[in-house]
Every structure is written in structure tokens, then in C-alpha cells.
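Reading the structure
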Amino acid sequence: MAQDEQVDATRAYYDSDGAEGFYSTIWGGEDLHIGIYTAENETIREASRRTVATMADHAPLSGDSRVLDVGAGYGGSARYLARTYSCPVTCLNLSKVQNDRNRRLTEEQSLSELVSVVEGNFEELPFGSGSFDVVWSQDAILHSANRRQVLAEVARVLIPGGTFVCTDPMQTENADEATLAPVLERLNLSSLASLAFYRDTGAELGIPMTTFDDRSPHLWRHYGRVLEELEAHETLVREKSGDAYVDRMKRGLANWVAAGRNGALAWGIMVFDKTD
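Residues numbered from 1 in each chain as written. Predicted model: local features only at pLDDT ≥ 70, side-chain atom pairs only at ≥ 80, totals over all residues. Heavy atoms only, no water.

Spatially, β3-β2-β1-β4-β5-β9-β7 is the arrangement adopted by the seven strands of the open sheet, whose pairing is mixed. The sheet terminates laterally at β3 (115-119) and β7 (209-214), the two strands that pair on one side only. Going across the sheet, the axis of each strand differs from the next one's by a mean of 15°, ignoring polarity. Pairing of β7 with strand β9 (residues 268-273), which is carried by five bridges, proceeds in the antiparallel orientation. Bridge pairing in β9 places Phe212 opposite Met270. (Pairing = 2+ DSSP bridges. Helix = DSSP H or I, 4+ residues; strand = E, 2+ residues; numbered from the N terminus. Axes fitted to C-alpha atoms, helices over the stretch in contact; angles between N-to-C directions.)

Next up, the structure:
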């Protein structure tokens, strides 16, 4: 799929009633990313928030940090960072529906002075060069048809010495094509990025990877947990999202779990530091 077509398809998906009904119900309406689990029946919300806290431990955050969250979803991570570190956070996201919820939740939590929401595309960041001390992204870059361009834009808007911390579902170097195919079909993608892609591209663009905190088992555990929650609340989600959406989502989640268990997927926290 061409770059502009991928952008339009991603925006249309996350703006749809089906997606909004599912994500706002199952993820709790704050976070849209993979969780880190410490207990068998831990809630998705608790595990998702642990991911944010763990990522924050890898970033040099303070009240003086200017943070950009690209692919910010509902803005749960941005509000956590603003509340915890008193730092200003700019959320960049494609979906008008998600951005509206983000602004509403941010106002309700009295964080509007620190958290701002900008509708836009992370392949063309609407910010000047060297505008941010930290760039943040969770499980969003996989949706891009030009991931190198996303990283180039991240490098551009970071200050010298700035930090990029992100997570992204990746395919392993020896991923079985047949196992991976249903996952890619569900996302309308021809491939996922790999750890080698991030390492090589980051080095090329002047933001070398300095840390990879491998948490791969949590990827398939998370999608399994989401499937459990969907099945537990299936009647409600079918009312909000429709039968066709739920049926497709259940198949998609099962494919993610199978691909993860079979060693085709990798996931973890990546840290890149821009050279001076």
C-alpha cells in the first residue's frame, strides 16, 4: 500500500465506530498499547500503565523536558508523564476521534496546561527542528508505510543529545512467512520492522540505539489477555462495534498470539540517543 493510502487507511480505521467501541471498552479508554504483565489475571489497564512507567525509567525526564508523543492514541501516556514529571507533553495523532477523547480526558484530569493535542501524521511532523528533548512512541510506527521517514522526522525534531524511547511490534529475523501472513493481512501491511531495521536506521540517521529491553513474551501475552477480555465482554462490544468487527478482531488477536508463541514476533523498549 502506498504511503498516503496507508495514512488514510489507518486514520479511517481508528476513527471508525467499531474501533472506538472496542478500544474504549477493552483497554479502558486511556491506553492503546502492549502491557507488561506480572500476574496471570492482571488487568490490561494495570499492565499498560506498567509499560509507560518502565519506559519512563529509560528516559531522562524532568520538569524541563519537552516531550513529543507520536501516535499518542488516547493520551494516557502523555498524562502519566505530565502528572509524574510535571513536563509539557505534545500528543501527535492521526485520529480525530481519539484526539477528541484525549482532549476531554486531559481536561477532566486538569492537565490541559501541560498536555496539548495536535492532529497530524508522524511522517511529516509539524514542528521545527530541535523542538523536543524526548520523543516517545508506543506501538504506532508499525502502521507506517515509510518507517524510515518516521525515524528521520524523529531525529530532526530532537535536540542534539535528545532521547527517543519507543516500543513497536516487530518481526524476528527468522520469522516464518506463513505464521506472519495473517498478522500482516489484518494490518494491511507487507511486513513489520525488525530490530535490525531499528538499529541500522537509527545509526544511519544519527540516533543510534543504546538500549533494547527485550520484553517479547509480553506481546503475545497481551494479545491473549485482550482476547480474554473481549470474550468476557463480548455482548457489550458487539453492541458497540458490530458483529463483523468483533469476529474479525477475535481472529486477528488469535493470529497475534500464535505468531508470538511461534517466535515470529519481537517486542521491547528501544532507546535511541541523538548524537551531539
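Ring pairs (aromatic) are described by centroid distance and by the angle formed between their planes. Here the structure, examined in full by the defined rule, presents 13 aromatic pairs. Here Tyr23 and Trp27 contribute two aromatic rings whose centre-to-centre distance is 5.2 Å and whose plane-to-plane angle is 35°, an arrangement assigned as tilted. A relative accessible area of 5% places Trp27 in the buried class. Ring centres of Tyr223 and Trp256 lie 4.6 Å apart, and the angle between their planes is 10°; this geometry places the pair in the stacked category. Placement of Tyr223 in helix α9 (residues 216-232) and of Trp256 in helix α11 (residues 243-261) is noted, with a sequence separation of 33 residues between them. For the pair Tyr223 and Trp256, one class covers both residues: buried. In this structure, Arg101 packs its charged tip against the face of Tyr74, placed 5.0 Å from the ring centre. Here the guanidinium or amino end of Arg221 rests over the ring plane of Tyr37, the centre of that ring lying 5.7 Å away. (Phe/Tyr/Trp six-rings, centres within 6.5 Å; stacked < 30°, edge-to-face > 60°. Buried < 20%, exposed > 50% of the residue type's maximum accessible area, 1.4 Å probe, protein only. Lys NZ or Arg CZ within 6 Å of the ring centre and 35° of its normal.)

With five of six residues buried, β9 lies mostly within the body of the structure. Alignment of strand β5 (residues 158-167) against β9, held across five bridges, turns out to be antiparallel. Across the sheet, the residue bridging to Phe164 is Phe272, located in β9.

Among the ten residues of helix α4 (residues 76-85), seven are classified as buried, and the element is accordingly described as predominantly covered. Every buried residue of α4 is listed here: Gly76, Ser77, Ala78, Arg79, Tyr80, Leu81 and Ala82. Taken together, the buried residues of α4 touch α3 (44-57), β1 (67-70), β2 (89-93), α5 (96-108), β3 and β4 (132-138). Ser86 sits one or two positions beyond α4 and adopts a positive phi of about 60°. (Contact = heavy atoms within 4.5 Å.)

Interaxial distance between helix α6 (residues 147-157) and helix α8 (residues 195-204) falls to 10 Å at its minimum, and their mutual angle equals 45°. Relative to α8, α6 is oriented oblique. You can see that α6 and α8 cross each other, and the crossing is right-handed. Seen from α6, the contacting residues are Arg147, Arg148 and Leu151; seen from α8, they are Phe197, Tyr198, Thr201 and Glu204. (Parallel < 35°, antiparallel > 145°, perpendicular 65-115°, else oblique. Left-handed = near helix turned anticlockwise from the far one by under 90°.)

Next up on the list: the nonpolar core. Among the nonpolar cores identified, the biggest contains 36 residues, and Phe22, Tyr23, Leu192 and Trp256 are the most heavily contacted of them. When residues no more than four places from it in sequence are discounted, the contact partners of Leu192 are Leu142, Arg147, Pro169, Met170, Gln171, Leu180, Leu184, Leu187 and Leu265. Leu92, Leu158, Phe164 and Ala193 belong to the second-largest nonpolar core, a separate cluster that totals 27 residues. (Core = buried A, V, L, I, M, F, W, Y, C linked by side-chain atoms within 4.5 Å.)

This next bit is on unusual backbone geometry. A negative phi angle characterises most non-glycine residues, just as the trans form characterises most peptide bonds. For Ser110, which is not glycine, the phi dihedral falls at a positive 55°. The phi angle at Asp139 is positive, at roughly 50°, despite the residue not being glycine.

This part covers the environment of Gln138. The residue Gln138 is located in strand β4 in this model. Each C-alpha atom, one on Gln138 and one on Thr163, is 14 Å from the other, the two residues being 25 residues apart in sequence. Among all residues touching Gln138, those that are not within four sequence positions of it are His33, Thr51, Val52, Met55, Val70, Gly71, Ser77 and Thr167. A distance of 3.3 Å separates a polar atom in the side chain of Gln138 from a polar atom in the side chain of His33. (Polar contact = N/O pair within 3.5 Å; in protein donor to acceptor, adjacent residues only side chain to side chain.)

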